[in-house]
Amino acid sequence: MTTRVQALYDFSGEPATSELSIVSGEILILTRTDVGEGWWEGTNAKGQTGLFPEAYVQIYKETPAAAAPPPVVQQRYDAPDDFGDQQDDWDDDWDDDNETYSEIGPPNNQVRQSASQQQINNYTNINLPPAPADDAISMTSTSAPLKKSGIFAKSGDSYILGTTTVSVPDNERTFVVNTESGYFWKQIRDPYTVRVASPKKETKFKGMKSFIAYQLTPSFNNIAVSRRYKHFDWLHERLVDKFCLIPIPPLPDKQISGRYEDEFIEHRRVQLQEFVDWVCRHPVLSTCEVWMHFLTCTDEKRWKTGKRAAEKDNLVGATYCAAIFPPEKSLLQTQVDGQTDNCSLFVHGMDGAVKSLLAISNEQIKRFQLQWKKDFQRVGESFSELARALEIDERRAITNINLSNSVGQTAGVFIAIGQLFGDQPKSDWIPFCDRLHIYRGVLGGFPDVLAVQRGAMQKRKECERLTADQKMGNAQLQEVNRRTDIMSYAVLAEMNHFRSERDQHLKETMKNLISSQIDFYHQIITKLQVAQRYFE
């Protein structure tokens, strides 16, 4: 009997491997369950067969049409007073590093997204509020954040129509400035860096549970804080919740096995460093409250307080736009549309190019470490065999030429060159992939950012039609226009920041790759020149 499974979460298979990418809700035919280490094999609707994490799927049971579901009974759960403290414990068990399911489960925001989507489906009519007061910049909203929805959610409508208000603390205010090169986020006064170093294995519960902790040291205070991958995961979720108009750089991919191997730990550290560097260079992300709390808090009680405050933050999603202060000048929408359309085309093209380059780079890594290393070592072994044959003849012949020794030395040179090939990707192609990895998340986030902006423009047009039909006042339409302009300013600022960041980042990335390649081939030339001298 054919067994079918249904994907619970999205999983992106690594290029040029036997892994199969799956999408949440997808039905697959299960072909093997004995792969081992938490992997199953299956075939999708396109006939593609590959491996995916067992924890990402569940057995699919086709159920016949059932009677109407029973009414939902809302239960009240009265937790003890210390329940919150237990949940917020610094070393609590969410996403624990030593449990297989912990790093491959869905993001915690998945449930919230479903709830938010339900709100969107129920929101079919525009509620016209009274015209806002002059000080409506101070706004409050507790609605679900805009995120990965593809349509403009109810929180966006609430912000644009001014149905909710929040106060904006001074430290949360963000400014867009006009420069000769366009609109940009206002740069921070004192740029800084953060070093991710000294990953080490730690334990808790008398050694029953173990995890890897990384030490983060900001340059502005030189005080190290210890953070686990689960803390980075929590931070990433908060940033995605908060900033619907800023693509958040990705974390390292989650791992099913081998989390305590030295090579994997160092690889993850490098990619975490890339994530941290990108955030530090962003004028908005690098100064936000949740990031600074993550970066500086060393006290457990303060961590709990800050963690709860971040999770209850009102300035999230579209509502965060209340904290953005752009120039007073109204934007010409045709110019904004032209720039966003061009950005959409560029993002699509660069995203495809980066994915292709990553796949090719991974092929290069495998060729260097396996094929070419083996080929040169086989050449060396063949020369060594020739040297042994020559040595047999040289023992009985009277000659001053010790050719066998020269050939034998050359054999060692080719074997050493093979080892150079095997080690080289650690100096060029692997770091190159680590730096390209950051674009997978940033480029992947831009379509959602542009969709939010387009949704705002669509709402603006709806309000213009309502005003033409005298169903909305001119004062309220002006406020709608001001708020949608704020969103457009933010998108333009983020596009320009990404362009400048990309230019510098890619320039440095390409320079490092080519420099490492030059050094590598210089080493090969030097070794071949040594071999040449054996025959002079």
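Here the residue numbering is sequential within each chain, running from 1 through the sequence in written order. Only residues with pLDDT of 70 or above have their local features reported here, since the model is predicted, and side-chain atom pairs are shown and tallied only from 80 upward, although totals for entire chains, interfaces and linings are computed over all residues. Excluded from the side-chain calculations are hydrogens and water; all other atoms, namely the structure's heavy atoms, are used.

K.L.:
So what's going on with unusual backbone geometry? Which residues, and what values?
P.N.:
Although it is not a glycine, N222 sits at a positive phi angle of roughly 55 degrees. Each helix is a run of H or I in the DSSP string that is no shorter than four residues. Each strand is a run of E no shorter than two, and both are numbered from the N terminus. Note that N222 resides in the loop between β9 (209-218) and β10 (225-228). Categorising residues by exposure relies on relative accessible area from a 1.4 Å probe, with only protein chains included: less than 20% of the type maximum marks a residue as buried, more than 50% marks it as exposed, and the intermediate range marks it as partly exposed. We classify N222 as exposed; its relative accessible area is 60%. Phi angles above zero are rare outside glycine, and Q470 is one such case at about 60 degrees.

K.L.:
Explain the packing of helix α5 (residues 262-281) against helix α11 (residues 474-533) residue by residue, including any values.
P.N.:
Axis geometry follows a simple rule: fit a line to the C-alpha atoms, using only the stretch in contact for helices, then measure angles between N-to-C directions, giving values from 0 to 180 degrees. Interhelical geometry of α5 versus α11 gives an angle of 135 degrees and a closest axis separation of 12 Å. Here α5 is positioned oblique relative to α11, judged by the angle of their axes. Here the hand of the crossing between α5 and α11 comes out right-handed. Listed contacts from α11 to E274, W278 and R281 of α5 are H497, F498, E501 and H505. Note on residue categories: nonpolar means Ala, Val, Leu, Ile, Met, Phe, Trp, Tyr, Cys or Pro, charged means Asp, Glu, Lys or Arg, and polar means any other residue, Gly included. Of the residues in the contact of α5 with α11, the class split is 2 nonpolar, 2 polar and 3 charged. Roughly parallel means an angle under 35 degrees; roughly antiparallel means over 145; roughly perpendicular covers 65 to 115; every other angle is labelled oblique. By convention, the crossing between two helices is left-handed when the near helix turns anticlockwise from the far helix through less than a right angle, and right-handed when the turn is clockwise. We call two residues in contact when some of their heavy atoms are within 4.5 Å.

K.L.:
Could you give me a rundown of the nonpolar core, with the residues and numbers involved?
P.N.:
Nonpolar cores are built from buried Ala, Val, Leu, Ile, Met, Phe, Trp, Tyr and Cys residues. Side-chain atoms within 4.5 Å join them into one set. Judged by nonpolar contacts, the single largest core of 99 residues is most densely connected at L216, F243, L245, F275, V276, W291 and Y439. Broken down by element, this core gets its largest block of residues, 17 residues, from helix α10 (residues 429-468). The residues contacting F275, other than those within four sequence positions of it, are F232, L235, H236, L239, P249, P250, L251, W291 and I438. Core analysis: the next-biggest nonpolar cluster, separate from the first, contains 14 residues, Y9, L30, W39 and F52 among them.

K.L.:
Lay out the packing of helix α4 (residues 229-242) against helix α6 (residues 289-296) in plain terms, naming residues and giving numbers.
P.N.:
Look at α4 against α6: their axes get within 10 Å of each other, and the N-to-C directions meet at 170 degrees. As the angle between them shows, α4 and α6 are arranged roughly antiparallel. The handedness of the crossing between α4 and α6 is left-handed. Contact with α4, carried on its side by H231, F232, W234, L235, R238 and L239, involves V290, W291 and F294 of α6 and no other residues of that element.

K.L.:
Which residues make up the sheet that holds strand β5 (residues 57-59), and what values go with them?
P.N.:
At least two DSSP bridges between two strands are needed for those strands to be called paired. Ordered by their spatial adjacency, 5 strands build an open sheet running β4-β3-β2-β1-β5, and the pairing between neighbours is antiparallel. Both outer strands of the open sheet, β4 (49-53) and β5, are each paired with one neighbouring strand and no more. On average, adjacent strands in this sheet sit at an angle of 45 degrees to one another, irrespective of strand direction. Relative to strand β2 (residues 27-36), strand β1 (residues 4-7) runs antiparallel, the two sharing 3 bridges. By the bridge assignment for β2, R4 is matched with I29.

K.L.:
So what's going on with the pattern of salt bridges? Residues and values would help.
P.N.:
Any Lys or Arg side-chain nitrogen located within 4 Å of an Asp or Glu carboxyl oxygen qualifies as a salt bridge. Applying the stated rule across the entire model yields 18 salt bridges. Of the charged contacts in the structure, one is a salt bridge between E266 and R269, with a shortest N-O distance of 2.9 Å. Residue E266 and its partner R269 are located together in helix α5, separated by 3 residues, close to a single helical turn. Judged by relative accessible area, R269 falls into the buried class, the value being 17%. Several salt bridges share partner residues, and in doing so they unite E172, K242 and D313 into one network.

K.L.:
So what about the sheet that holds strand β6 (residues 174-179)? Which residues, and what values?
P.N.:
Spatially, 3 strands are ordered β7-β6-β11 in an open sheet, and the strand pairing comes out mixed. Both edges of this open sheet fall to β7 (182-185) and β11 (324-325), since each of them pairs with a single strand only. Inspection of the sheet shows β6 paired to β11 by 2 bridges, in the parallel sense. Looking at β11, one finds that T174 is bridged to I324.

K.L.:
So what about the packing of aromatic side chains? Which residues, and what values?
P.N.:
Any Phe, Tyr or Trp ring, taking Trp's six-membered ring, that has another such ring centre within 6.5 Å forms a pair; planes under 30 degrees apart are called stacked, those over 60 apart edge-to-face, and the others tilted. Under the criterion given, the structure shown has 25 aromatic pairs. Considering the side-chain rings of F346 and F498, the 6.3 Å spacing of their centres and the 55 degrees angle between planes classify their relative orientation as tilted. Of this pair, F346 sits in helix α8 (residues 333-396) while F498 sits in helix α11; the two residues are 152 residues apart in sequence, bridging distant segments of the chain. Relative accessible area serves as the criterion here: at 29%, F346 is assigned to the partly exposed category.

K.L.:
Any details on the pairing of β2? Residues and values, ideally.
P.N.:
Regular strands have side chains that alternate between both faces of the sheet. Relative to strand β3 (residues 39-43), β2 runs antiparallel, the two sharing 4 bridges. Note that in β3 the partner of L30 across the bridge is G42.

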